[in-house]
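Understanding the architecture of this molecule
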Amino acid sequence: MKIWTNFHSHSTYCDGKSEPGDFVKEAFNRGFHAFGCSSHAPVPFPSHWNMPLEKLQDYLSTINRLKSRYKGHIQVYTGLEIDYIEGHWGYAGSFLKELPLDYRIGSVHYLDRLPDGSFFCFDGKPEGFFEKIELLYKNDFKAVIRKYYHHVRQMIKYDTPDIIGHLDKIKMHNTVRKYFDENEKWYVRELEDTIDLISEKKCIVEVNTRGLYRHDPPMLYPSQWVLEYMFEKNIPVMINSDAHHPSEIDTGYDFAAKVLHETGWDTLRILINGAWTDVPFDTDGLKIDKIKQ
Ligand SMILES: [Zn+2]
Ligand SMILES: [Zn+2]
């Protein structure tokens, strides 16, 4: 059995399809070293995929119960995927800062406000995405993408999450209708500036495999050339599947591990007994026995 970890998962507390206990049980059955729950943190406006505020305490106590139930078998961690919305919402300065979390994933999903006052989330169906881009930005995709990376950098600066969620997700609809080329200089510059800041703030970048099993054609976040720049800059990485169902907890891991290994990484940064630790890995999994615990 290969030993893996997953720190990015969504349960029925947000938009996932199963209880946290089902995920941890599956991770234990598959021989995982650790499993982290990271529901979408509450936001201060109605949302059908973020966790409602009134469920938050129950979420924290459910994971605490799982920690004790699985003690000595699999390490269970409490996390949240926290949205950053420039000028509106983030970790710093909100009540989220008071929560007893083991780690935080920082992600940008919301870009702007729509005329009706609601927030535009780009991470939905492509038709909705293209419709909103026309409405809000008159199809100026370059402006949209630059805005996205600007928000990501603000998040890194002010919220400084432990893990940066799906770094280049703004490319997700580019295979449906091509709205930019990843080789364009301005785009490369956006990524390089963002990665330089990640390096300065010492965040981990997750390699998120969700696009491998949810997209046709499959895509990895981030792209291969981005990984190469990250490797040059010595950025620590981890593999996560952004699972919304227990069956997805290690989907795409073999591919991601191969890509990372071939790019040059020989360790992944994960939590071991609550401390970030660089653990050797290859396509056969993490070599936990190679490190002192
Ligand atoms: Zn996300
Ligand atoms: Zn997620």
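Since this is a predicted model, take the numbers as computed values, not measurements.

Definitions and cut-offs
Residues numbered from 1 in each chain as written. Chains lettered and ligands numbered in written order. Predicted model: local features only at pLDDT ≥ 70, side-chain atom pairs only at ≥ 80, totals over all residues. Helix = DSSP H or I, 4+ residues; strand = E, 2+ residues; numbered from the N terminus. Rg over C-alpha atoms; globule rule 2.2 N^0.38 Å. Buried ≥ 20, exposed ≤ 12 C-beta atoms within 10 Å, placed from the backbone. Contact = placed C-beta atoms within 7 Å. Pairing = 2+ DSSP bridges. Axes fitted to C-alpha atoms, helices over the stretch in contact; angles between N-to-C directions. Left-handed = near helix turned anticlockwise from the far one by under 90°. Nonpolar A, V, L, I, M, F, W, Y, C, P; charged D, E, K, R; others polar. Core = buried A, V, L, I, M, F, W, Y, C linked by C-beta atoms within 7 Å. Expected span 1.5 Å × (residues − 1). Arc of directions from axis to C-beta.

Comments concerning the overall build of the protein
Secondary structure summary: the protein contains eight helices and 12 strands in total. For 293 residues, the compact-globule estimate of 2.2 N^0.38 gives 19 Å, and the C-alpha radius of gyration of the protein, at 18 Å, lies within 12% of that figure. A total of 293 residues make up the protein; the buried ones form 43% of that total. Across the protein, contacts joining residues at least 24 apart in sequence account for 72% of those joining residues at least 6 apart.

Some details on the sheet that holds strand E3 (residues 75-83)
Paired through backbone hydrogen bonds, the strands of a sheet run either parallel or antiparallel to each other. On the basis of which strands lie adjacent, the open sheet formed by seven strands has the order E1-E2-E3-E4-E7-E8-E9 and parallel pairing. Each edge of the open sheet carries a strand with a single partner, namely strand E1 (5-6) and strand E9 (237-240). Where E3 and strand E4 (residues 103-107) come together, five bridges link them in parallel fashion. The residue of E4 that forms the bridge with Glu81 is Ile105.

Focus on the environment of His48
Along the chain, the position of His48 falls in the loop between strand E2 (34-40) and helix H2 (56-69). Separated by 92 residues in sequence, His48 and Asp140 place their C-alpha atoms 28 Å apart.

Description of the sheet that holds strand E10 (residues 267-272)
Sheet architecture is open: three strands sit in the order E10-E11-E12, paired in antiparallel fashion. A single partner strand is all that each edge strand has here, and the edge strands are E10 and strand E12 (285-286). Pairing analysis gives two bridges linking strand E11 (residues 275-282) to E12, with the strands arranged antiparallel. For Phe281, the partnering residue across the bridge sits in E12 and is Leu286.

Observations concerning the packing of helix H5 (residues 185-201) against helix H7 (residues 224-232)
Between H5 and H7, the shortest axis-to-axis distance is 10 Å and the interhelical angle comes to 35°. In terms of crossing hand, the pair formed by H5 and H7 is right-handed. Of H7, the residues touching H5 (which contributes Leu191, Glu192 and Ile195) are Val226, Tyr229 and Met230. A per-class count over the contact of H5 with H7 returns five nonpolar, no polar and one charged.

Observations concerning the nonpolar core
Counting 75 residues, the largest nonpolar core has Phe35, Val205, Val237, Met238 and Leu268 as the members making the most contacts within it. Of the residues forming this core, the biggest block, six residues, is contributed by helix H4 (residues 141-158). Excluding residues within four positions of it along the chain, Val205 makes contact with Ile164, Leu167, Ile198, Met230, Ile235 and Val237.

Some details on the pairing of E4
Burial analysis of E4 places four of its five residues in the buried class, the great majority of the element. Taken together, the two bridges between E4 and strand E7 (residues 163-164) define a ladder with parallel strand orientation. Pairing of Ile105 across the sheet is with Ile163, part of E7.

Quick look at H4
For H4, which comprises 18 residues, the first-to-last C-alpha distance of 26 Å matches the rise-based estimate of 26 Å (1.5 Å per residue) to within 8%. Burial in H4 covers these residues: Val144, Ile145, Tyr148, His151, Val152, Met155 and Ile156. Viewed along the axis of H4, the buried residues span an arc of 140°, placing them on a single side of the element. If you follow the buried residues of H4, they end up packed against E4, strand E5 (110-113), helix H3 (126-137) and H5. The positive-phi residue at the C-terminal boundary of H4 is Thr160, with phi of around 40°.

Points about the pairing of E10
As defined by bridge partners, E10 adjoins E11 across six bridges and the pair is classed as antiparallel. Along E11, the bridge assignment pairs Arg269 with Asp278. In this structure, the hairpin formed by E10 and E11 is closed by a connection of two residues, where Asn273 is found at a positive phi of approximately 45°.

Here we look at unusual backbone geometry
A cis amide bond links Asp216 with the next residue in sequence, Pro217, at an omega value of 0°. Note the cis peptide between Tyr221 and Pro222, where omega equals -5°. Positive phi values are uncommon outside glycine, yet Lys202 reaches one of about 60°. Mapped onto the elements, Lys202 comes out in the loop between H5 and strand E8 (204-208).

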